[in-house]
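So you can see what is in the structure, the chains are spelled out below.
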Amino acid sequence: MRFGKKKQNNAPLKPEKIEIHEDVSCLSITECLLFAQDEHQIMQFLGPNQKQKILKYDLDSHQLIIKSIGHNCKLDLIRCEDIKEVRYATECFQLLKLSAEIDLCVTIKYRVDESFVWNSFKFEAFDPDSAQKWVHTLRLMQEAKIHKQSPDKIKEIFINRFPYLLESVSLDGQISPKELKVFLCDAMNFKLETEELNQIMKDEGLLEDSVIEKSNLTSIYNRLIYDERIIDPLYEDKSGKSVYPFFTIRTGIIDNMELEEFLNQEQKTDMLVDTVVNKYGKDGSLTSKQFIDYLYSDDNLVYTRADAVEDSMDSPLSHYWIASSHNTYLTGNQITSKSNVEAYVQALLSGCKCVELDVWERQNTIMILHGNTLTTMIAASDVLAAIEQYAFKVSPYPLILSIENHLGPQMQEDFAKMIKEILGDKLLSAPLPDGGQLPSPNMLRNKIIIKDKKHLRDFNHEYLKTDIVRRGEIYFESSLHANDWSRRVVLMTPEFLYYSYQESDSDEGEMRERIGAINGSPAGTTLKLSDLHLAEPWYWGGVDANAGNYYISEYVKSMISLMGEEINLSGDFAIRPRTQGVGEFVLLFLDSQNKAKKIKVQSKYERGFPRYFIEDYPGAPTFESLYALVKHYQRVSFSVDKVPLILKRPIQEPRNFAKEIWFHYGATFEDSERRLRDHKVNGAFLVRELPDNKFRLVFRCAGSVRSCKIRQDGRLWIIGNSQFEGLTQLVDYYKKRPLYITKNNQEIKLTKPVEMIPLDQVSTPADYQLLNQEYVTEEEIRERPEEVYEAEEDYHGRAEDELTFLRGAIIRNVEQDSDHVGWFVGDYGPRKRKRFPKKFVRLYEWEEEENLDNPLGNMCEGMIQLKKSTARLHTVSDNSYIPHYISIKCEGREEYRMGFKQYEEMERWFDSITNPKKSKPLSKKPTKRKQSVAYSALVIYAVAIPAPIEFTDDYIASLNYREMSSFNENKLESLTQKSTAANLLAFTSSCLGRVYPKGMRTNSNNYDPLLAWNYGIQLVALNYQTPDKGMQLNWGKFHNHNAGCGYVKKPFDMVTNKFDPRQDSFSNSVALFIRVVGGRMLFSESGNSPKVKISMEGLDCDVTAAETLPAKSSTCPYWGDGKVISLLCLNPDMAMLRFEVTDTNDFGDEKFIGHCTFPIRQLMTGWRCVPLFDGYGHEKLLARLLVHIEMEILKSSDPEREMKRVRGEILQLNEHLTEVSPVSEQDIARLKEIEDKYFELSFLQRKTELDQNRYGFVRYYTSYKQYNHDFPHLPSLILQLNISPVRFFGSCCSI
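In this structure, what is going on with the overall build of the protein? I would like to understand it.
Counting its secondary structure elements, the protein contains 32 helices and 57 strands. The 1295 residues of the protein split such that 55% are buried. Expressed as a percentage of contacts within the protein between residues at least 6 apart in sequence, the contacts between residues at least 24 apart total 66%. Of the roughly 57,600 Å² of accessible surface on the protein, 47% is carried by carbon and sulfur atoms.

Looking at this model, I keep getting lost on the sheet that holds strand β12 (residues 365-368). Mind explaining?
As a general point, the strands of a sheet are linked pairwise by backbone hydrogen bonds and lie either parallel or antiparallel. Taken together, 11 strands build an open sheet; the order of strands is β13-β12-β11-β14-β15-β45-β46-β47-β48-β10-β49 and the sheet is mixed. Both outer strands of the open sheet, β13 (378-379) and β49 (1047-1049), are each paired with one neighbouring strand and no more. Alignment of strand β10 (residues 320-325) against strand β48 (residues 1019-1022), held across 4 bridges, turns out to be parallel. In the strand pairing of β48, I322 is matched with L1019.

When you look at the sheet that holds strand β1 (residues 40-46) in this model, what are you seeing that I'm missing?
Spatially, the 7 strands line up as an open sheet ordered β4-β3-β2-β1-β7-β6-β5, and their pairing is antiparallel. On the outer flanks of this sheet lie β4 (75-79) and β5 (83-88), each paired with one strand and no other. Adjacent strand axes in the sheet meet at a mean angle of 30 degrees, parallel and antiparallel pairs treated alike. Sheet topology places strand β3 (residues 63-68) next to β4; 5 bridges connect them, and they run antiparallel. What sits directly across from L64, in β4, is I78. Contacting β1 and β2 (49-58), helix α1 (residues 29-37) crosses the sheet at an angle of about 130 degrees to β2.

Hey, could you run me through the confidence of the model for the protein in this one?
Detailed conclusions should not be drawn from predicted coordinates in areas where pLDDT is low. Mean pLDDT over the protein: 77, with 76% of residues reaching 70 or higher. Scored below 50 in pLDDT, residues 522-526 makes 17 contacts in the model with residues more than four places away or belonging to other chains. Counting contacts from residues 763-785, a segment whose pLDDT is below 50, to residues more than four positions away or on other chains yields 34 contacts.

Looking at this structure, I do not really get the pairing of β10. What am I missing?
Within a regular strand, side chains alternate between the sheet's two faces. Counting buried positions along β10 gives 6 out of 6 residues, so the element sits mostly inside the fold. Burial along β10 is two-sided: the face carrying Y320, I322 and S324 and the face carrying W321, A323 and S325 are both buried.

Sorry if this is basic, but what is going on with the packing of α1 against helix α2 (residues 128-143) here?
How two helices pack is summed up by the angle between their axes together with the distance between the axes. In the contact formed by α1 and α2, the axes pass within 10 Å of each other and the chain directions differ by 115 degrees. Comparing the axis directions of α1 and α2 gives the class roughly perpendicular. In terms of crossing hand, the pair formed by α1 and α2 is left-handed. Between α1, through I29, C32, F35 and A36, and α2, the contact on the second element is made entirely by S130, K133, W134, H136, T137, L140 and M141. The residue makeup of the contact of α1 with α2, split by class, is 7 nonpolar, 3 polar and 1 charged.

How should unusual backbone geometry be read in this particular structure?
Peptide bonds are trans in most cases, and residues, glycine excluded, mostly fall at negative phi. You will see that S1004, though not glycine, has its phi angle at about 70 degrees, which is positive. By secondary structure assignment, the location of S1004 is in the loop between β47 (992-996) and α25 (1010-1014). The residue M1081 is not glycine, and still its phi comes out positive at about 55 degrees. One can find M1081 in the loop between β50 (1069-1080) and β51 (1091-1097). With relative accessibility at 5%, the residue M1081 sits in the buried group.

Whenever I open this one, the state of the cysteines confuses me. Can you help?
As used here, a disulfide is simply a covalent bond connecting the sulfur atoms of two cysteines. Under the criterion given, the structure shown has 0 disulfides. The thiol of C1156 is unpaired, and the distance to the nearest cysteine sulfur, on C1169, comes to 8.5 Å. Given a relative accessible area of 0%, C1156 falls into the buried group.

Mind showing me how you'd approach the nonpolar core here?
What tends to happen in soluble globular proteins is that the nonpolar side chains get buried as a cluster. With 80 residues, the main nonpolar core has L357, I387, L401 and F415 as its most contacted residues. Here this core takes 7 residues from helix α13 (residues 409-423), the largest share from any one element. When residues no more than four places from it in sequence are discounted, the contact partners of I387 are Y344, L348, V355, L357, L399, L401, L423 and I448. Formed by 79 residues, the second largest nonpolar core is a distinct cluster that contains F291, L295, I1074 and A1135.

Help me understand helix α6 (residues 194-203), please; the structure alone is not making it clear to me.
Where α6 is concerned, the buried positions are T194, E196, L197, N198, I200 and M201. Positive backbone phi, at 80 degrees, marks G205, one or two positions downstream of α6.

Any chance you could explain the packing of aromatic side chains here in plain terms?
Aromatic ring pairs are reported here in terms of the distance separating the ring centres and the angle at which the planes meet. Considering all chains together, one arrives at 39 aromatic pairs under this definition. Here the aromatic rings of Y633 and F638 are separated by 5.2 Å at their centres, their planes lie at 70 degrees, and the arrangement is edge-to-face. Taken as a pair, Y633 and F638 share a single burial class, namely buried. Linked through ring pairs, F262, Y280, F291 and Y294 together constitute an aromatic cluster. The residue whose ring lies beneath R470 is W909, and the NZ or CZ to ring-centre distance is 5.8 Å.

Would you take a moment to explain the pattern of salt bridges for this structure?
Between side chains of opposite charge, a pair can form as their charged atoms come close. Counted under the stated rule, the structure contains 29 salt bridges. Where E85 meets R87, a salt bridge forms, and the shortest distance between an N and an O atom there is 3.0 Å. Each member of the pair, E85 as well as R87, is classed as buried. Among the salt bridges present, the one from R1001 reaches E969, with a minimum N-O distance of 2.5 Å. Here R1001, found in the loop between β47 and α25, pairs with E969, found in helix α23 (residues 969-978); they are 32 residues apart in sequence, far enough to count as distant. Look at R1001 and you get buried, because its relative accessible area is 11%. If you follow the salt bridges from partner to partner, you end up with E85, R87, K109, E342 and K393 in one network.

What exactly am I supposed to notice about the environment of A308 here?
Residue placement: A308 occurs in the loop between α10 (288-295) and β10. With 735 residues separating them in the primary sequence, A308 and A1043 have C-alpha atoms 5.1 Å apart. With residues up to four places along the chain from it excluded, the contact list for A308 reads N1042 and A1043.

Any chance you could explain the environment of E963 here in plain terms?
Structurally, E963 can be placed in strand β46 (residues 963-968). Between the alpha carbons of E963 and L438 there is a distance of 9.9 Å; along the sequence they are 525 residues apart. Apart from residues lying up to four places away in sequence, E963 is in contact with V943, I945, C991 and L992.

Any chance you could explain the side chain of D311 here in plain terms?
With respect to the helices and strands, D311 occurs in the loop between α10 and β10. Of the side chains with opposite charge, K1049 lies nearest to the buried D311, which makes no salt bridge, at 7.4 Å. Not counting residues up to four positions away in its chain, the partners in contact with D311 are H1041, N1042, V1048 and K1049.

What is the right way to look at the pairing of β3 in this model?
In terms of burial, β3 is largely enclosed, as 5 of its 6 residues are buried. As paired elements, β2 and β3 share 6 bridges and run antiparallel to each other. From the neighbouring strand, K56 faces β3, where its bridge partner is I65. Where β2 folds back on β3, the antiparallel hairpin that results is connected by 4 residues, among which H62 adopts a positive phi of roughly 55 degrees.

Is there a simple way to explain the packing of helix α8 (residues 256-267) against helix α9 (residues 273-280) in this structure?
Where α8 contacts α9, the axes come no closer than 9 Å and their chain directions differ by 115 degrees. The orientation of α8 relative to α9 falls into the category roughly perpendicular. The two elements α8 and α9 cross, and the hand of that crossing is right-handed. Each of N256, L259, E260 and L263 in α8 lies in contact with α9, whose residues at this interface are V273, V276 and V277. Taken together, the residues of the contact of α8 with α9 break down into 5 nonpolar, 1 polar and 1 charged.

Which parts of the structure should I look at to understand the environment of A871?
By the element assignment, A871 lies in strand β41 (residues 869-875). You can call A871 buried: its relative accessible area is 19%. Beyond its immediate sequence surroundings of up to four residues, A871 is in contact with I886, S887, I888, F910, I913 and T914.

Thresholds, definitions, all that
Throughout, a residue's number is its position along its own chain's written sequence, starting from 1. Local features in this predicted model are restricted to residues of pLDDT 70 or higher, and side-chain atom pairs are both shown and tallied only at a pLDDT of 80 or more, whereas totals for entire chains, interfaces and linings draw on every residue. Where side-chain values are given, they derive from all heavy atoms of the structure, hydrogens and water being excluded. Helix and strand labels come from DSSP, where a helix needs a run of H or I of at least four residues and a strand needs a run of E of at least two; each type is numbered from the N terminus. Three labels apply to residues, based on accessible area from a 1.4 Å probe with only protein chains included: buried if under 20% of the type maximum, exposed if over 50%, partly exposed otherwise in between. Contact criterion: two residues are considered in contact whenever any of their non-hydrogen atoms come within 4.5 Å of each other. Using a 1.4 Å probe, accessible areas were evaluated by the Shrake-Rupley method; residue-level cover was limited to the displayed protein chains. We call two strands paired when DSSP finds no fewer than two bridges between them. Geometry is summarised by axes, namely lines fitted to C-alpha atoms with helices restricted to the contacting stretch, and by angles between N-to-C directions that run from 0 to 180 degrees. Residue-level confidence of the predictor is summarised by pLDDT, bounded by 0 at the bottom and 100 at the top. Comment on the angle field: the value is read as roughly parallel under 35 degrees, roughly antiparallel over 145, roughly perpendicular from 65 to 115, and oblique elsewhere. Crossing handedness: left-handed means the near helix sits turned counterclockwise from the far one by under a right angle, and right-handed means the same turn made clockwise. Ten residue types, Ala, Val, Leu, Ile, Met, Phe, Trp, Tyr, Cys and Pro, are classed as nonpolar, four, Asp, Glu, Lys and Arg, as charged, and the remainder, Gly among them, as polar. Criterion for a disulfide: a pair of cysteine sulfur atoms at a distance within 2.5 Å. We define a nonpolar core as any set of buried Ala, Val, Leu, Ile, Met, Phe, Trp, Tyr and Cys residues linked to one another through side-chain atoms lying within 4.5 Å. When two rings of Phe, Tyr or Trp (its six-membered ring) have centres within 6.5 Å they constitute a pair, described as stacked for plane angles under 30 degrees, edge-to-face for angles over 60, and tilted for the intermediate range. A ring is considered to have a charge above it if a Lys NZ or an Arg CZ atom is located within 6 Å of its centre and within 35 degrees of its normal. Salt bridges are counted wherever a side-chain nitrogen of Lys or Arg sits within 4 Å of a carboxyl oxygen of Asp or Glu. His is not counted, nor are the chain ends; Lys and Arg add positive charge and Asp and Glu add negative charge.

Here you go:
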């Protein structure tokens, strides 16, 4: 390759495949690794530029090393477990629009953190052979997933990453605990609190100020990974009896004969003892730790992984659920996010088999975009090229393109030609011999199906009104938040101006006061090595020279007054930044005469990184951080004026926040709430200090008062997931940025500090009812019959907890206000559970498919009625960041300001606001136009027709199997209520149906897909960019079933009209008894007490859940309470089991850690490992649960009658046992038989019997005294029977 030479790339739309210079696919793994471990020169693409780098693979740490060439030889690392895809040359659907030789180009797509869009590393290799070798080698690395490696190999990989992160921390190869904390986070993903790490070190015999060598990492790693308490239940207890007595004497070595019994009887696995021992053990046996490795391994998963397609793929398409995406091109919300071709690639690689394309004409080019919004656009040709490349990489089964066509006839001709040219033979261009029904997936292998209307096109603007006259992203400010400009999406109609919640803006830093790099950064474990000093008490981050001298003198005075004149303060020290010079510091210290002195901390750059030092002579030590420098000179002396000195006690920065009016020492939460109640503005706040040196931030939020913990780590102040150098910096930061986001996406900033006035001056009486009540959840609201009212007159709320609305507004979920006579409580747009007077509204009369909400949906913060407003132009200064603005004053309301950088743009908006009736709409009203014949001919098996109001018998009789209907989630709910289940299922048995999110989901959140699946809807379109529960259920349904091919066959009864999703009586129901024992690596950014929620997801009769108590650790959490969660599944064919791990943040909100969702039919019983996945379905490294599962198959024709009969037999047996001693084996067998039967029946009647019938068998085991009193002989019999305590002691706890 000729580095630096430019070559124009004028490649055609679909270039020819390049010549393969060498068949590298035959290279062995050893040859690939030898090639990759050498250093290779490459040219990295950085935007339009190139930069020469060195690329190599490090086998020991399993990562790519990218080094710069020259003085600044900085290292970049890509971990191989983060690599998602490797592309070579023309395999890239978008050719590099760079000056490059195409047959030298390689693209690595890798994932950072848990983001949706993957990162790219693009480079040009030295020659074509090297490029192909890199591609082949990188793909081998990608397949060698780290979690598939042996436990010892995983540990070795993690520890071998040590040198790359800490190679220059210290001179002697030793590190401090704080540096270890950074390493554990960066290399091993252990996000530890300082207290937890200190406890681990204490257990390992290390002190908090000990130095740690690399040799200590193995024992610390084992301490973090292994908790042998999880196998305690498998051993006999001291009495000689055990819950699960598979192992006898605890010697640290697992007996092979007992292991064989465990595998056969408990696990019911085909794995042989020799296989387990050879794979996980050494020398023919397993230690306890190796046995734990097996329990957490992929060989012991809680579900069976389908590596091959299991379902028959020869039925009609309508007999399958099909993984489907909504507005596939978007990477965020539906209004302002970016469109990206990569979103199609990621959806297709995840197994999606129906993607959406919204095609529009822009400047004579066919583009894909979300019309009438502020989202970006992408070329349709690029999208089709990506689809052609990736459509069948996961499976060969057909892909459906759901096209929303906004093109004119001529552009449709061009679009049809484009589709044919790019997709080629993969496009289905003619009907197949289908026999009067939809073809099967096997018949359509490797074919792409076009879904659209034929002949007539009804242009449907799904989200935004057609009377919008102006739209844009505008700087916005209200009188409630003066001098706090923020970016908002603004849409204007002839009557109203709608504005969104605050949008994040990369330019905000230009107009806001600059905050230090640490302030607002992620808390605790994500602190970089070079920033460790920021958490130390000796570092004075915001102190200048004069203040530093003053603080030192005050420190000396206070210490002398406290300890006397004879005190020796020599070596007491602090470090502050230099007033002049960025990145320079001053060491302040006291000498033997208690006099203040200072010395400059110098720095120089080595290999592109700063090195700090205070001694300047040949061979003098240098350090990569201030923290390392201080730790060194706390052990080793340095010379000052030829006098040796060792740094001793740190001098802490004074608490300057105590003088702030918002600081309240000793205030209780009740006192704080009384003070805040008089302040109606969201964001009114105070900070209270508890007597035990703990702090709480208390603030007003949406009609309630919230309290949040503020934690301290050294001199750092941590709130939620952000950390600050001081409490004042924390408060100032959240005055400018959102502190908290409500469930309605309302952003709360700190607005008004509340003074600590005497409580007798507070208007609120001492016995008032607390504001922070529990609000109704969305799930509870949906279960209630919804009452909707329409506003007859305008109403302007006078308090924070009141609604403001205009005539014609639709208010939902309306209820009587129990605290105020003549008032309602309801939801209007994003304002939830707010009150308003009854006299302003009337009961709403429903009309089909009416748009009930504003065009911004749940992103809307408010609206301005233009006819009742006056607007004025203002110019502040040409030098101001916002030099021009429009002020809008509403009657009886606050003033709003819209800021602009250009005067001309402000004039255009002002003309529209002052003359809204004269402004022309940006889009035309819906019209019907003829379609191009050529384009219409491409629509064969997915002909879109309007959805009916109801699926009647006549409608079902007239169905054409080639037609399909699409409708949003609200329409689906209406159809399930108006249509019979038989008719709706008849439609989905012969035709395709598609459901998509309602228009109000502008933030791209997902609806619950279960209802659509339960009625047989095949294409349940979801927003793949949003990792919420809807997408997690979608992942569980398709990823873990049928080899993730994107197609899952419906149960036989569903397609033969023998199924009713509304019934609650099915054959072959099952009862599950699940005990969560322990876990690994359950870290979150929000807390350290994970809990597990286990739920059944399926038909309405099967949706139930229960959860564990919070654990006390996130490294190796252990649930030793023995609690068993009992779940009943009436229809296993439709149900999925879901494990969700959450933690609670400092605001009291639950934060998602990971989940595992899979069909019940794939469940494995025994002691099983539950792997955890993030919201996008990517497996979280080493994050797993260990659970014990029992399953009972339940069968009964008349449970109620059978329960009465068995109850009588139990009473008779009890009387017999009272008189007989000893108890015979026949009596024991009979008792066990009756217990089994009664237990089965009681679960079938759980909804009614177990809540009302005090004679239920399981109820007798809620406490020892109760069952001992009712059945005196049972306690001793339980031990003789060896009945699982799941039934006797656990079940009732979770019912």
